[in-house]
Amino acid sequence: MTTTLRPTAPEQRTDDGGRSRSYEVCVNARPVGRIDLATDARFGPGFGRIAHLAIDERDRHRGRGTVAALAAEEVLRGWGCAQINVSVPAGAATALALAGALGYVERNRNMTKPLATVPELPAGSVARPMSEAEFAPWQRAAKAEYARMWRDRGVSRDRAEAKAETDHAAKLPAGVASPGAVLRVLAHDGVDVGTLWLSLSGEGGFVFDVEVDARHRGRGHGRTLMLLAERECLAAGATTLGLNVFADNTPALGLYTSLGYEPTQIHLYKVLH
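Given the structure is predicted, the values throughout are model-derived calculations rather than measurements.

Okay, the packing of aromatic side chains next. By the definition in use, this model includes 9 aromatic pairs. Between F43 and W150, the aromatic rings sit 4.8 Å apart at their centres with planes inclined by 45 degrees, giving tilted as the arrangement. Of this pair, F43 sits in the loop between β4 (30-40) and β5 (44-55) while W150 is found in helix α3 (residues 132-151), placing the two residues 107 residues apart along the sequence. Per residue, the accessibility class of F43 equals that of W150, and both read buried. Measuring from centroid to centroid gives 6.2 Å for Y256 and Y261, while their planes differ by 65 degrees, and the two rings are edge-to-face. As far as the burial class goes, Y256 and Y261 line up, both buried.

Right, let's get into unusual backbone geometry. Backbone geometry at A29 places phi at a positive 75 degrees, although glycine is not the residue there. Relative to the helices and strands, A29 is located in the loop between β3 (19-27) and β4. The exposure class assigned to A29 is exposed, which follows from its relative accessible area of 51%. A positive phi angle is found at H61, which is not glycine, with a value near 65 degrees.

This part is about the environment of V191. Following the sequence through the fold, V191 ends up in strand β10 (residues 191-201). On the basis of relative accessible area, V191 is assigned to the partly exposed category, the value being 39%. Each C-alpha atom of the pair V191 and L121 lies 15 Å from the other, and the pair is 70 residues apart in sequence. In this view, V191 contacts L186 and H216; residues no more than four positions away in its chain are not counted.

Ranked by size, the top nonpolar core spans 26 residues in total, and within it V207, M226, L241, L243, Y256 and Y261 carry the most contacts. Residue assignment for this core shows that the elements contributing at least two residues are β9 (181-188), β10, β11 (204-212), α5 (221-235), β12 (240-246) and α6 (250-258). Counting residues per element, this core draws most heavily on α5, which supplies 7 residues. Dropping the residues within four chain positions of it, Y256 is found in contact with M111, M226, L243, V245 and Y261.

Reading guide: rules and limits
- Residue numbers restart at each chain and count upward from 1, following the sequence in its written direction.
- Local features in this predicted model are restricted to residues whose pLDDT is 70 or higher, and side-chain atom pairs enter the listing and the counts only when it is 80 or higher, whereas totals over whole chains, interfaces and linings include all residues.
- Heavy atoms throughout the structure, all of them, feed into the side-chain values; hydrogens and water do not.
- The criterion for an aromatic pair is that two Phe, Tyr or Trp rings (for Trp, the six-membered ring) have centres within 6.5 Å, with stacked assigned to planes under 30 degrees apart, edge-to-face to planes over 60 apart and tilted to the rest.
- Helix numbers and strand numbers start at the N terminus; a helix is a DSSP run of H or I with at least 4 residues, a strand a run of E with at least 2.
- We call a residue buried when its accessible area falls under 20% of the maximum for its residue type, exposed when it is over 50%, and partly exposed in between, using a 1.4 Å probe and counting protein chains only.
- Between two residues, a contact is recorded if the distance between any of their heavy atoms is within 4.5 Å.
- Here, nonpolar core means buried Ala, Val, Leu, Ile, Met, Phe, Trp, Tyr and Cys residues that are tied together by side-chain atoms lying within 4.5 Å of each other.

By themselves, these observations are geometric and do not establish any function.
Here is the structure:
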């Protein structure tokens, strides 16, 4: 049995070097599934992505997906990609096992929590809206930290900084007055100890940034900021709260898990040698 990829349409290209193409997964020329490949628009043409991989039910558990994924790596190498990314639903145990067997490593995950009860903040903890004067230095630091996190994970400095600029411009176009944005400063016993950036949309919220001042870490203020995010969501009528956490941020992952957040999507990567 020979498993191959057969293009279903011409390759698509963009002005910035992006590429994408869809393929049938075939066994002895018989279609048994589909795979969609692309360069990752977030990070540039040096990063490839398996956007979709599905094997027909009757052909599953025969190694078709494994061979298709390996063939995809060869295609992306030919495109000049040095790394490949894939996102898998947290409950897709078979797909996650396949990714692990092929050498993919978790980079980050999305987590979410249903909200019902308004939590109380610890005694001495009070939140206030971030002021215009506080916003500019906060955003400079937030963008620098965001870009650093991506640089540490293989993204070039230019791409990481561009992503930070683009993402902030999209989510905070009007600073503290941006639609749906909740920017708060947390004080404890009269001393500012951290900041929260929360986005509200419809029935859900998403935490984009929680930052505790280095001088005040290890005292539970990160947990308080997350409780504050839940309070803000419920006050606005939102009943779910989501977030993203990098796999190597063990303290944050432990905090979110202890608060009842559960993974929904796992984002993995593999370096192509």
